[in-house]
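One letter stands for each residue in the lines below.
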Amino acid sequence: MPPQLTGTPRRRRQASVQSGSAEQPTRHPAVALAMALPCAVLLVLLFGGWEQMANQAQAVADLITR
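Reading the values: rules and limits
Along each chain, residue indices are assigned from 1 in the same order as the chain's sequence is written. Only residues with pLDDT of at least 70 are given local features in this predicted model, and only at 80 or more are side-chain atom pairs given and counted; all residues enter the totals for whole chains, interfaces and linings. Excluding hydrogens and water, the side-chain figures rest on all heavy atoms present in the structure. For the purposes of this entry, the term helix denotes a DSSP run of H or I that reaches at least four residues, the term strand denotes a run of E that reaches at least two, and both are numbered from the N terminus. Exposed residues in this analysis have more than 50% of their type's maximum accessible area, buried residues have under 20%, and partly exposed residues fall in between, with area computed by a 1.4 Å probe over protein chains only. The Shrake-Rupley method, run with a 1.4 Å probe, gives the accessible areas here. Residue values count only the displayed protein chains as cover. Multiplying one less than the number of residues by 1.5 Å gives the expected span of a helix. Two axes define the bend at a residue: one fitted to the seven residues ending there, one fitted to the seven starting there, and the bend is the angle between them. Patch membership needs two things, relative accessible area over 30% and no salt bridge, and members are linked within 9 Å if like-charged or within 5 Å if nonpolar (Val, Leu, Ile, Met, Phe, Trp, Tyr). What counts as a salt bridge is simple: a side-chain nitrogen of Lys or Arg found within 4 Å of a carboxyl oxygen of Asp or Glu. What pLDDT expresses is the predictor's confidence in each residue, scored from 0 to 100.

K.L.:
An account of the overall build of the protein is requested, with residue identities and associated values reported.
P.N.:
Of the regular secondary structure elements, the protein holds three helices and zero strands. Its helices and strands taken in sequence order, the protein reads α-α-α from the N to the C terminus. Residues counted as buried form 0% of the 66 residues belonging to the protein. Accessible surface, the protein: about 7100 Å² in total, of which carbon and sulfur atoms supply 62%.

What follows is the structure, encoded as structure tokens:
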């Protein structure tokens, strides 16, 4: 039997209140790409997804050229 939730639900405070410091600048999108790209390459190599990615790219190219 799942446990029952009792009491009042907790509410999250705004990020600026939680940090307690001045507003921090956002990251550049290239930083996110630099962090995600090595993981994506590793997964492609690890699971052999190169052929599937090539097939998908060919299908998209066919749709664009129509």
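K.L.:
Tell me about helix 2 (residues 29–47), and name the residues and values.
P.N.:
With 19 residues, helix 2 extends 27 Å between its outermost C-alpha atoms, agreeing within 8% with the 27 Å of an ideal straight helix rising 1.5 Å per residue. Roughly 25° is the biggest bend found in helix 2, and it falls at alanine 36, with proline proline 38 one to four residues downstream. Looking one or two places after helix 2, you find glycine 48, whose phi comes out positive at around 65°.

K.L.:
So, a nonpolar patch on the surface: which residues are in play, and what are the values?
P.N.:
A contiguous nonpolar surface patch, about 410 Å² in accessible area, is contributed by Leu33, Leu37, Val41 and Leu45. Mapped onto the elements of the fold, leucine 37 is located in helix 2. Overall, the relative accessible area of 48% leaves leucine 37 in the partly exposed class.

K.L.:
Could you give me a rundown of the confidence of the model for the protein, with the residues and numbers involved?
P.N.:
For the protein, the mean per-residue pLDDT works out to 79, and 68% of the residues sit at or above 70. The secondary structure element of the protein with the lowest average pLDDT is helix 1 (residues 15–19), at 53, and the one with the highest is helix 3 (residues 50–65), at 90.

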